[in-house]
Amino acid sequence: MTGLYQGFLQWDAKSHRFMTSPTSQPIVRVTPGAFLTLHYRLTGPQGDIINTFEDKPATLSLGSGELSPALEQHLMGLADGAHTTFQLAAGEAFGERNPAMLQWVPKQLLATFGDADASYLLGEVVEFPAPDNAGKYAGAVAQLGDDAILFDFNHPLAGKAVSMEVHVIGVL
């Protein structure tokens, strides 16, 4: 018998050896570049951040940037059908907080590139165009000043411990 199989072994009286049942399938494991369909729950200090268990499962391509490399590393080697939970230490999943990612943005600049009449609230997330207009990035309002607003461009879970529960539904 070659490879790993899931299913039942049956004794073959003619050959005097164990054989896999006809319905056995090779165990498929998560590898770099794999496409996965899975349910997952990402939990931070305040509870669930993302939870697909109550809705449609997610389909992800490993290595495409949809998950952090640390989260992807914990998925490597899991078998099709696996259901597990793992913990990531503070900063492991989304990096440490970087003080350089706190930036004061003049209100005049915000009015020029956005809504001149907009008002901002602490904790509010604001999207900004990337310098090359190839995408967007987001910052959370950290402090309101008279002429400028301090935005925090760190990932919201940077520097925090997280837990991830996964149920691998399919691996390609």
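Residues numbered from 1 in each chain as written. Predicted model: local features only at pLDDT ≥ 70, side-chain atom pairs only at ≥ 80, totals over all residues. Heavy atoms only, no water.

Enquirer: Explain the overall build of the protein chain to me, and be specific about the residues and the numbers.
Expert: A tally of regular secondary structure across the protein chain gives two helices and 13 strands. Per-residue burial over the protein chain gives 31% buried out of 172 residues. Partitioning the intrachain contacts of the protein chain with sequence separation of at least 6 by distance along the chain shows that 55% fall at a separation of at least 24. Summing over all exposed atoms, the protein chain offers an accessible surface of approximately 11,100 Å²; the carbon and sulfur share of this is 56%. (Helix = DSSP H or I, 4+ residues; strand = E, 2+ residues; numbered from the N terminus. Buried < 20%, exposed > 50% of the residue type's maximum accessible area, 1.4 Å probe, protein only. Contact = heavy atoms within 4.5 Å. Areas by Shrake-Rupley, 256 points an atom, 1.4 Å probe, with all protein chains shown as cover.)

Enquirer: Could you give an account of the pattern of salt bridges, naming the residues involved and the relevant values?
Expert: This structure, assessed with the given rule, holds four salt bridges. Among the ionic contacts, a cluster of salt bridges with common partners joins Arg41, Asp48 and Glu165. (Salt bridge = Lys/Arg side-chain N within 4 Å of Asp/Glu carboxyl O.)

Enquirer: Account for the pairing of strand 6 (residues 47–51), with residues named and values stated.
Expert: Where strand 5 (residues 35–44) meets strand 6, four bridges bridge the pair, whose relative direction is antiparallel. By the bridge assignment, Leu42 is partnered in strand 6 with Ile50. Between strand 5 and strand 6, which pair antiparallel in sequence order, lie two residues. (Pairing = 2+ DSSP bridges.)

Enquirer: So what about the sheet that holds strand 11 (residues 136–144)? Which residues, and what values?
Expert: In spatial order, the strands read 9-12-11-10; together these four strands make up an open sheet with antiparallel pairing. The sheet is open, and its two edges are formed by strand 9 (102–106) and strand 10 (125–129), each paired on a single side. Here the strands of the sheet are splayed against their neighbours by 45° on average, with no regard to which way each runs. Relative to strand 12 (residues 148–152), strand 11 runs antiparallel, the two sharing four bridges. If you follow Ala140 over to strand 12, its bridge partner there is Asp152. (Axes fitted to C-alpha atoms, helices over the stretch in contact; angles between N-to-C directions.)

Enquirer: Quick one: what's the story with the confidence of the model for the protein chain, residue by residue and with numbers?
Expert: Model confidence for the protein chain is summarised by a mean pLDDT of 87, while 85% of its residues fall at 70 or above. Counted against residues more than four places away or in other chains, residues 1–6, with its pLDDT under 50, gives 14 contacts. (pLDDT = per-residue confidence, 0-100.)

Enquirer: Got a sec to walk through the side chain of Thr52? Specific residues and values, please.
Expert: Among the secondary structure elements, Thr52 is positioned in the loop between strand 6 and strand 7 (58–61). Engagement of the side chain of Thr52 in a polar contact is seen with the backbone nitrogen of Tyr40, the distance being 2.8 Å. (Polar contact = N/O pair within 3.5 Å; in protein donor to acceptor, adjacent residues only side chain to side chain.)

Enquirer: So what about the packing of aromatic side chains? Which residues, and what values?
Expert: For any pair of aromatic rings, geometry is given as the distance between the ring centres together with the angle between the planes. With the rule as written, the count across this model stands at six aromatic pairs. Clustering of aromatic rings is evident, with ring pairs tying together Tyr120, Phe128, Tyr137, Phe151 and Phe153. (Phe/Tyr/Trp six-rings, centres within 6.5 Å; stacked < 30°, edge-to-face > 60°.)

Enquirer: Requested: an account of the environment of Ala138, with residues and values cited.
Expert: Note on placement: Ala138 falls in strand 11. Through-space distance from the C-alpha of Ala138 to that of Asp152 is 8.6 Å; in sequence the pair is 14 residues apart. What Ala138 contacts, discounting residues up to four positions off in sequence, is Val125, Val126, Glu127, Asp152 and Phe153.

Enquirer: An account of the side chain of His39 is needed here, citing residue identities and associated values.
Expert: Mapped onto the elements, His39 comes out in strand 5. From its side chain, His39 meets the backbone oxygen of Thr52 in a polar contact 2.6 Å long.

Enquirer: Describe in detail the environment of Leu60, supporting the description with residues and values.
Expert: Inspection of the secondary structure puts Leu60 in strand 7. It is 8.1 Å that separates the C-alpha atoms of Leu60 and Leu38, two residues lying 22 residues apart in sequence.

Enquirer: Help me get a handle on the nonpolar core, residues and values and all.
Expert: Counting 24 residues, the largest nonpolar core has Leu36, Leu71, Leu75, Met164 and Val166 as the members making the most contacts within it. Counting residues per element, this core draws most heavily on strand 13 (residues 162–171), which supplies five residues. Not counting residues up to four positions away in its chain, the partners in contact with Leu75 are Val30, Leu36, Leu62, Leu67, Phe86 and Val166. With nine residues, the next largest nonpolar core counts Tyr120, Val126, Phe128 and Ile149 among its residues. (Core = buried A, V, L, I, M, F, W, Y, C linked by side-chain atoms within 4.5 Å.)

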